[in-house]
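Secondary and tertiary structure notes
Each chain, letter by letter, is given below.
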Amino acid sequence: PDFGFQFLNVWDMSKAIYGYGSGLRQGLDFSHFKRMPVALPPPAEQAAIVHFLDWANGRLERAIRAKRKVIALLNEQKQAIIHRAVTRGLDPSVPLKPSGIPWLGDIPQHWDVAGLRRYWRVTDCKHLTVPFVDEGIPLASVVEVQPFSLDLNRCKRTKPDWYQMLIEGDRRPRRGDLIYCRNASVGACALVETDIDFAMGQDVCLIRSQSQNQRFLNYVLHSPFMEHQLELILVGSTFKRINISEIRTLVVTVPPRHEQDAICDFLGAGMAEYDTAISRLKREIDLLREYRTRLVADVVIGKLDVREAATRLSDEAAPDTSAELAGDMLDDTGNLDKVEAEEI
């Protein structure tokens, strides 16, 4: 059964099964399924294949988990640096004062702490259900605001006349604005860094200021203390959403503008290094997954003979894939240890 499971997955991924189906939905009659030809090695070789793939998958899963653990640690470090910068500033010797908020703690003496609406204007989207078209004006909705900077590469689009309705009431986003998610992925926020015309879709709002640094506010909205604040608002909610009035009352730290600019320069340079490392690790995970897919396919359909290799593994204990041991295969740079990589 284990060999059959692996074989049918390979056959499915290679689209071989599609050739036996019919109709627009690619329905496969049971009679066709029964007659589908399969590669059938002897039972002993089936067992050897399953044994080898169990071992190889265990090793690869260890490597993937190790890299995921490093990514999680890098993200935690990023959050700690952002939190420190937007709540204490860059000068460790500056006098502090109580913020009056238990979960925020002390802040620099010359900083303000206030509701968002004191310094920023929050404008809700138009609650319209618009038609989507292949070629049209981009719409920024929940998916597009997940990264720090707005990403319109895969967004939905609408017709120009509907776009005009969506931007009524000074709702046309422009460079430097923030698009904030108030439903589903509550708290996600993206900085607009494009001059192309687009409109807000559903479940987002626009945050704008003429005098404050928008990038600084984006860091504040991505900080751990803001995450804790949102958790307090959403506690007990069946549907994870926040309304415009609640967004306007979110407590934010507000240093003088020149300090906001300095903090953004500091975080921009520092976070770029973390983002590069995380992107590299994610790419390595993708490569390991691609390798695993190719390995399983080659072994199951007989392109790679693993009978001898499986025999050498017969007395070896199955690799431990527990999350606690995920870091065992990493060197100091977060890469797979050279010996482990060669064994894989």
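As shown above, the structure is provided for reference.
Residues numbered from 1 in each chain as written. Predicted model: local features only at pLDDT ≥ 70, side-chain atom pairs only at ≥ 80, totals over all residues. Heavy atoms only, no water.

With that settled, consider the overall build of the protein chain. Broken down by element type, the protein chain carries 10 helices and 11 strands. Among the 344 residues that make up the protein chain, the fraction classed as buried is 42%. Summarising the internal contacts of the protein chain: among those between residues at least 6 apart in sequence, 74% fall at separations of at least 24. With the model as given, the accessible surface of the protein chain reaches about 19000 Å², and the carbon-plus-sulfur share is 54%. (Helix = DSSP H or I, 4+ residues; strand = E, 2+ residues; numbered from the N terminus. Buried < 20%, exposed > 50% of the residue type's maximum accessible area, 1.4 Å probe, protein only. Contact = heavy atoms within 4.5 Å. Areas by Shrake-Rupley, 256 points an atom, 1.4 Å probe, with all protein chains shown as cover.)

Soluble globular proteins tend to pack their nonpolar side chains together in the buried interior. Counting 49 residues, the largest nonpolar core has Y180, I207, L217 and I247 as the members making the most contacts within it. Element by element, the count of residues in this core is highest for helix α8 (residues 257-300), at 10 residues. Ignoring any residue separated from it by four or fewer positions in sequence, one finds I207 in contact with L116, W120, R121, V122, D177, L178, Y180, Q214, L217 and L221. F3, I49, V50 and V300 belong to the second-largest nonpolar core, a separate cluster that totals 19 residues. (Core = buried A, V, L, I, M, F, W, Y, C linked by side-chain atoms within 4.5 Å.)

What the 4 strands build is an open sheet, ordered β4-β10-β7-β8; its pairing is antiparallel. Only two strands of the sheet have a single neighbouring strand rather than two, namely β4 (121-124) and β8 (189-191). When the angles between neighbouring strand axes are averaged without regard to direction, this sheet yields 25°. As paired elements, strand β7 (residues 178-181) and strand β10 (residues 204-208) share 4 bridges and run antiparallel to each other. The residue of β10 that forms the bridge with Y180 is C205. The strands touched by helix α5 (residues 214-221) within the sheet are β7, β8 and β10, with β8 carrying the most contacts at an inclination of about 160°. (Pairing = 2+ DSSP bridges. Axes fitted to C-alpha atoms, helices over the stretch in contact; angles between N-to-C directions.)

Taken as a whole and assessed by the stated rule, the structure comprises 5 aromatic pairs. Here F3 and F7 contribute two aromatic rings whose centre-to-centre distance is 6.2 Å and whose plane-to-plane angle is 25°, an arrangement assigned as stacked. Note that F3 and F7 are positioned in helix α1 (residues 2-13) at a spacing of 4 residues, about one turn of the helix. Like F3, the residue F7 is buried in the burial classification. With a centroid separation of 6.2 Å and an interplanar angle of 35°, the aromatic rings of F52 and W55 are classed as tilted. (Phe/Tyr/Trp six-rings, centres within 6.5 Å; stacked < 30°, edge-to-face > 60°.)

Here we come to α8. Taking 1.5 Å of rise per residue, 44 residues should cover 64 Å, and α8 covers 62 Å from first to last C-alpha, within 8% of that figure. Where α8 ends, the next residue or the one after it, G302, has phi of about 90°, a positive value. (Expected span 1.5 Å × (residues − 1).)

Reading across the sheet, the 3 strands line up as β6-β5-β9 and stay open at both edges, with mixed pairing between neighbours. If you trace the sheet from one side to the other, it starts and ends with β6 (157-158) and β9 (199-200), each paired once.

A word on the packing of α1 against α8. Any two packed helices are characterised by the angle at which their axes cross and by the distance between the axes. With their axes 10 Å apart at the nearest point, α1 and α8 run at an angle of 115° to one another. Compared by their axis directions, α1 and α8 come out roughly perpendicular. When the axes of α1 and α8 are compared, the crossing they make is left-handed. Together, F3, Q6, F7, V10 and M13 of α1 and T293, V296, A297 and V300 of α8 make up the contact between the two elements. (Parallel < 35°, antiparallel > 145°, perpendicular 65-115°, else oblique. Left-handed = near helix turned anticlockwise from the far one by under 90°.)

All told, the structure shown has 20 salt bridges when counted by the stated rule. Residue D197 is joined to R172 by a salt bridge in which the shortest nitrogen-to-oxygen separation is 2.8 Å. Linking D197 in the loop between β8 and β9 with R172 in the loop between α4 (160-166) and β7, this pair joins segments that are 25 residues apart in sequence. Among the residues examined, R172 registers a relative accessible area of 35% and is labelled partly exposed. Each of R121, D170, D177 and R208 takes part in one network of salt bridges that share partners. (Salt bridge = Lys/Arg side-chain N within 4 Å of Asp/Glu carboxyl O.)

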